[in-house]
Each structure stands twice: as C-alpha cells, then as structure tokens.
Amino acid sequence: MIQPHGGKLIDRNIKNKKPDTSKLPKFEINTNIAEDILNIANGVFSPLNGFLCKNDLENVLKEKRLENDIAWTIPILLDFDKQDLKDVKEGDTILLKNNETGVESLLELEEIYNIDKKTLAQTVYKTDDIKHPGVANVYNMKEKILGGKITLIDSKIREFDKYNLSPKETRFLFKEKNWREIVAFQTRNPPHIGHEYVQKTALTFVDGIFINPIIGKKKVGDFTDEVILASYETLMQHYYLKERAVMSILRTTMKYAGPREAIHHSIMRKNFGCTHFIVGRDHAGVGNYYGPYDAHEIFSEFPDLGIVPVFFRSFSRCIKCGSVVNDKICPHDQQFHINFSGKKIRELVVNGQVPPEDMMRKEVSETILKFKKPFVE
Amino acid sequence: MSEEEEKKYTTISIPTPLAEKIKKRIKGTGFSSLSSYVTYVLREIISGEKEGDEEAFTKEDEKKVRERLRALGYLE
C-alpha cells in the first residue's frame with residue numbers, strides 16, 4: 001500500500017473520553033473551516049496536524065512545500081477577527097465549534113500572525129483579481145491567522161455520510177480487495193460518456209478506480225449532490241464491474257487554484273491510498289485565469305510527490321472513427337468531432353429532455369430526470 | 001542560512017564523484033538541489049521501511065467498517 005503523504009497517516013481524533021472544555025475560550029467557526037478540521041483529523045490532509053503556522057505558510061507560498069520540504073501547495077488557514085482574540089494568547093488551548101457539522105475541536109494555539117492578502121492571492125491563484133472566487137475568499141478573510149495543532153473531539157453524522165469513507169477506511173478496503181494500484185477520479189458533475197471513457201481508459205492499466213465526488217457548497221445552476229451521487233450509482237451499477245470500482249465522497253471546498261490545487265487534490269487522493277490521479281484539462285480552473293494544461297505542467301516540479309498523475313487532454317466522439325477518441329488517437333479533423341458538453345446536457349435536462357445516448361447513458365439520464373429539482377437553486 | 005534554519009538541517013558527507021553524478025542526473029528535473037534529491041531518496045527508503053506500520057482498527061472498529069463496506073456493496 002502506498003505510504004500517506006509525509007509517511008504517516010495523521011489521526012487527530014480524540015482517543016480517550018471527551019475532555020472537560022467548559023473553561024476553555026470558545027469560538028464559532030464557519031463550515032468550511034470545520035471541514036478543514038475534519039480533513040486534518042481524519043488524515044485527508046496528512047501530514048498536516050493542524051492549521052499552518054507562519055513559517056510553513058511562507059514556505060508553501062514561496063516553495064510550494066512545507067518547512068520540512070514536503071510538497072504542499074494550498075495554505076490551510078484559520079482566520080479570526082482581532083477583537084475576538086483579545087482574551088487569548090499563544091500557548092493557550094481554545095475550543096472551536098460549528099453547528100452544521102457538529103465539529104468541536106481543540107486548538108493548541110501556537111502562533112497568531114498577520115498575512116499580506118495580496119501576496120497570498122497572487123501567489124496561490126496567480127492573480128489578485130477580486131472576480132476570481134478564490135481571491136474573493138482571501139480578501140474576505142479576517143485579519144488574524146491562528147496556527148496550531150487540532151484535536152477533534154466531536155462531530156455529527158450528516159447526509160451522504162454512508163458514502164464518506166476516511167483514508168483509514170479506504171486503505172482498509174483497498175487491502176481487502178487486493179488492489180495495489182488505484183486510480184482516483186475527482187468529479188463535480190454527473191457522468192457523461194466522456195467521463196466514463198477517461199475513467200475506463202485509466203482503469204484498464206490499474207486494479208481499481210476510486211470515484212471521489214467533491215460534495216458541498218455549490219453555485220446556483222450546478223447539479224445537486226443528490227443527483228451527482230445517484231447518477232454515479234446508476235452508472236456503476238450498469239456499466240462497471242462491482243469488484244473494480246468504489247465511490248466515496250470528499251467534503252472540501254473548491255479553491256479554483258488551478259495548478260496548485262491539482263497538486264493538492266493529488267495529495268489528498270494519495271492519502272486515501274490511491275497510486276494514480278486523473279488530471280484533466282483546466283483542472284480546478286475557473287474563467288481564463290490558467291492555461292488549459294497548467295495543471296499538467298506543474299507536476300514536473302514535484303518528482304517526489306509519490307502519486308502518479310494521469311493526464312488527459314480533450315476527448316470527444318468522432319463520427320469517422322465511430323467511437324470516443326482523444327487528440328492522441330484520432331487523425332480526423334475537428335469537423336467530425338462532437339464534444340461532450342456538460343453545458344448542453346444541462347440545457348436539455350432543464351427542458352426535461354433526455355440527453356442523446358451518444359452523450360450520456362440512458363440509465364444515467366433517466367436517473368437525473370427523476371429528480372424534480374436536479375439543480376442548486 | 002540563518003542560525004534558526006541551520007538548526008533544522010544537518011550536513012552529511014557523500015563521495016564527491018557520487019555528488020557530481022547526482023548533479024548531472026537531476027539537471028532538468030524538478031529537483032532544485034543535490035540536497036533535495038538526497039532528502040527525497042532517503043525519505044522514500046525510510047517510508048518504505050514503515051510498510052505495515054499503519055495503525056490498524058480495533059477488532060470492534062474493523063467489524064463496523066466491514067459492515068459499512070458490505071452495505072455499500074464493496075465487500076462480500
């Protein structure tokens with residue numbers, strides 16, 4: 001089994017009985033930060049055992065690595081208003097709470113520091129344009145950053161949690177299935193034929209595929225989480241070998257940091273026990289902020305990443321070939337190619353129409369159309 | 001390197017011809033220095049030795065995980 005990133009799977013769940021937190025300073029945190037805590041505690045963000053301190057942050061920005069030289073590209077930060085922190089100091093332990101997730105976590109407060117938001121935005125997102133959703137989030141951050149180890153003491157069961165496997169659980173599952181090489185596929189949409197082609201092409205060379213939809217906050221007009229999961233269940237039931245495919249959700253916020261986020265996404269999948277990670281065109285991109293293959297090129301900076309990126313470029317259906325093709329295997333002109341368009345599928349579904357079968361499996365289309373409200377409103 | 005940074009690193013001697021070979025080998029790769037390559041190789045060996053060190057489930061937890069994975073259809 002592949003080693004977790006940094007060599008050890010982090011587990012920051014409390015081992016003994018719940019401690020008395022009645023005298024600790026308590027702070028409400030938002031759901032995104034609570035999700036970060038869950039991901040740290042369960043090892044998804046291994047080797048992080050808490051929120052970044054300043055030295056690590058500076059190294060991540062400058063070198064795309066933690067201070068100990070382990071590859072890490074996305075800052076995981078905890079921000080607070082200055083006035084909220086007037087009664088706490090470095091060295092204190094505080095309690096972080098969030099209602100939606102039921103997260104209760106201790107934070108051993110190692111450091112309180114400031115950040116230069118413009119530098120942070122420019123370095124991580126390659127732009128300081130406020131229209132970029134990731135940049136907007138940086139500019140909305142509060143002024144003080146808290147670094148330190150967390151210990152998760154509680155969280156609650158939520159919708160879709162039956163699909164929410166931790167890295168410890170996926171590693172156990174892969175061992176039980178005798179899978180040595182596993183390719184991970186990240187998704188935020190129901191599967192069309194192009195997705196299936198990419199997944200099955202990659203699966204041909206390994207033992208199993210780990211389909212890992214990102215669940216959580218979405219934009220108006222996106223397919224709902226229920227639709228994405230149901231459509232994948234249908235596809236797997238009808239078109240995948242049961243012993244070769246596994247689906248589990250990942251609760252994390254998309255940062256739209258393009259190339260840097262592609263590395264982050266790979267690291268998370270390595271922690272789940274995957275040996276390969278599919279990186280498509282404009283992975284984790286938004287608008288025109290990144291080149292279509294920037295997220296491929298960045299991998300050359302990380303020969304020590306420990307997970308193999310599987311790059312895919314464009315794919316479409318070629319009328320001449322009579323099959324799904326990509327730009328490496330088809331000699332025919334663009335005029336013979338029909339692109340798989342998520343936008344087109346969305347338009348058809350909005351009008352209650354069934355997408356054509358050369359774009360989406362009939363069973364998948366039927367599953368989506370069973371939902372009265374398939375889109376986020 | 002500042003004094004604080006120096007504390008986090010140590011010097012290890014390797015034969016000069018080997019160092020020269022490594023320098024040639026890492027040219028044009030993502031490794032920025034001889035040290036980063038040697039660190040990577042050593043880390044790989046050390047983490048390889050830890051195979052099987054992963055924290056196992058308790059019997060009770062393993063039973064629960066198996067049930068969960070069976071319910072999802074992933075285990076027989």
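### A closer look at the overall build of chain A
(1) Moving on: Scanning chain A for helices and strands turns up 11 helices and 15 strands.
(2) Moving on: The C-alpha atoms of chain A give 21 Å as radius of gyration, which agrees with the globular expectation for 377 residues (21 Å, within 12%).
(3) Moving on: Overall, chain A is about 70 × 40 × 40 Å in size when its C-alpha atoms are taken along their principal axes.
(4) Moving on: By residue count, 45% of the 377 residues in chain A fall in the buried class.

### Some remarks on the overall build of chain B
(1) Moving on: When helices and strands are tallied, chain B shows four helices and zero strands.
(2) Moving on: Listing every helix and strand of chain B by position from the N terminus yields α-α-α-α.
(3) Moving on: Taken over 76 residues, chain B has a buried fraction of 4%.

### Quick look at the nonpolar core
Residue and element names in this part refer to chain A.
(1) Moving on: In this structure, Ile37, Val183, Ala184, Phe210, Cys274 and Ile278 are the most contacted members of the largest nonpolar core, which totals 95 residues.
(2) Moving on: Broken down by element, the residue count for this core peaks at six residues, all from helix H1 (residues 31-41).
(3) Moving on: Both domains that furnish three or more residues to this core are identified here as domain 1 (5-154) and domain 2 (161-253 + 314-369).
(4) Moving on: With residues up to four places along the chain from it excluded, the contact list for Val183 reads Ala202, Leu203, Val206, Ile209, Cys274, His276, Ile278 and Val310.

### Some thoughts on the confidence of the model for chain B
(1) Moving on: When pLDDT is averaged along chain B, the result is 80; 78% of the residues meet or exceed 70.
(2) Moving on: Interface confidence for the predicted complex, given as ipTM, is 0.78, next to a pTM of 0.89.

### Regarding the interface of chain A and chain B
Note: interface size is frequently given as the accessible area lost on complex formation between the parts.
(1) Moving on: At the interface, 18 residues of chain A touch 19 residues of chain B.
(2) Moving on: If you tally residues by element for the side of chain A that touches chain B, the top one is helix H5 (residues 167-176) of chain A, at five residues.
(3) Moving on: In terms of residue class, the side of chain A that touches chain B is made up of six nonpolar, three polar and nine charged.

### Let's talk about the sheet that holds strand E13 (residues 315-318) of chain A
Residue and element names in this part refer to chain A.
(1) Moving on: Taking strand neighbours across the sheet as the criterion, the three strands line up as E14-E13-E15 in an open arrangement whose pairing is antiparallel. Either end of the sheet is taken by a strand with one partner, and the two such strands are strand E14 (323-326) and strand E15 (337-339). Taking each pair of neighbouring strands and ignoring which way they run, the sheet shows an average axis angle of 45°.
(2) Moving on: Where E13 and E14 come together, four bridges link them in antiparallel fashion. Its bridge partner lying in E14, Ser316 is registered against Val325.

### Section: the pairing of strand E8 (residues 208-215) of chain A
All names here are of chain A.
(1) Moving on: Where burial is concerned, most of E8 is hidden: eight out of the eight residues are buried.
(2) Moving on: By the alternation rule, side chains of E8 split into Gly208, Phe210, Asn212 and Ile214 and Ile209, Ile211, Pro213 and Ile215, which are all buried.
(3) Moving on: Both strand E7 (residues 182-187) and E8 contribute to a ladder of six bridges, which runs parallel. Of the residues in E8, the one forming a bridge with Gln186 is Asn212.
(4) Moving on: Regarding topology, helix H6 (residues 193-203) serves as the crossover connection from E7 to the parallel E8, and that connection is right-handed.
(5) Moving on: Bridge count between E8 and strand E10 (residues 250-251): two bridges; the pairing is parallel. Residue Ile215 lies in a different strand from E10, and its bridge partner there is Arg251.

### Let's talk about the domain arrangement of chain A
All names here are of chain A.
(1) Moving on: Domain parsing of chain A yields domain 1 (5-154) and domain 2 (161-253 + 314-369).
(2) Moving on: Placing a centre on the C-alpha atoms of domain 1 and another on those of domain 2 gives a separation of 32 Å.
(3) Moving on: Listed as interface residues are eight residues of domain 1 and, on the opposing side, seven residues of domain 2.
(4) Moving on: Along the lines of polarity and charge, the residues of the side of domain 1 that touches domain 2 split into three nonpolar, four polar and one charged.

### With respect to the packing of helix H7 (residues 225-239) of chain A against helix H11 (residues 362-369) of chain A
Residues and elements named next belong to chain A.
(1) Moving on: Two elements in contact, H7 and H11, have axes separated by 9 Å at closest approach and are oriented at 150°. By the angle class used here, H7 and H11 are roughly antiparallel. As H7 runs across H11, the sense of the crossing is right-handed. Residue-level inspection shows Val227, Ala230, Ser231, Thr234, Leu235 and His238 of H7 in contact with H11, the latter providing Glu363, Val364, Thr367 and Ile368.
(2) Moving on: A breakdown of the residues in the contact of H7 with H11 according to their chemical character gives five nonpolar, four polar and one charged.

### Examining the environment of A:Lys131
(1) Moving on: Looking at where A:Lys131 falls in the secondary structure, it is placed in the loop between helix H3 (117-125) and helix H4 (133-139).
(2) Moving on: In this structure, the C-alpha to C-alpha distance between A:Lys131 and A:Gly287, residues 156 residues apart in sequence, is 9.5 Å.

### Let's talk about unusual backbone geometry
A negative phi holds for most residues other than glycine; trans holds for most peptide bonds.
All names here are of chain A.
(1) Moving on: The step from Ser46 to Pro47 runs through a cis peptide bond, and the omega angle for that step is 15°.
(2) Moving on: On the secondary structure map, Pro47 appears in the loop between H1 and strand E2 (50-51).
(3) Moving on: Within the chain, Asn178 stands out as a residue other than glycine whose phi angle is a positive 60°.
(4) Moving on: Here Asn178 lies in the loop between H5 and E7.
(5) Moving on: By the C-beta count within 10 Å, which is 9 here, Asn178 ends up exposed.
(6) Moving on: The backbone phi angle of Ala284 is positive, close to 55°, even though this residue is not glycine.

### Observations concerning helix H8 (residues 258-271) of chain A
Residues and elements named next belong to chain A.
(1) Moving on: Across its 14 residues, H8 extends 20 Å between first and last C-alpha, which sits within 8% of the 20 Å expected from 1.5 Å per residue.
(2) Moving on: H8 sits mainly inside the fold: 14 of its 14 residues count as buried.
(3) Moving on: Two residues or fewer after H8 comes Gly273, characterised by a positive phi angle close to 105°.

Parameters and conventions
Residues numbered from 1 in each chain as written. Chains lettered and ligands numbered in written order. Predicted model: local features only at pLDDT ≥ 70, side-chain atom pairs only at ≥ 80, totals over all residues. Helix = DSSP H or I, 4+ residues; strand = E, 2+ residues; numbered from the N terminus. Rg over C-alpha atoms; globule rule 2.2 N^0.38 Å. Buried ≥ 20, exposed ≤ 12 C-beta atoms within 10 Å, placed from the backbone. Core = buried A, V, L, I, M, F, W, Y, C linked by C-beta atoms within 7 Å. Domains from an automatic or database assignment. Contact = placed C-beta atoms within 7 Å. pLDDT = per-residue confidence, 0-100. Nonpolar A, V, L, I, M, F, W, Y, C, P; charged D, E, K, R; others polar. Pairing = 2+ DSSP bridges. Axes fitted to C-alpha atoms, helices over the stretch in contact; angles between N-to-C directions. Right-handed = clockwise from strand over helix to strand, strands pointing away. Parallel < 35°, antiparallel > 145°, perpendicular 65-115°, else oblique. Left-handed = near helix turned anticlockwise from the far one by under 90°. Expected span 1.5 Å × (residues − 1).

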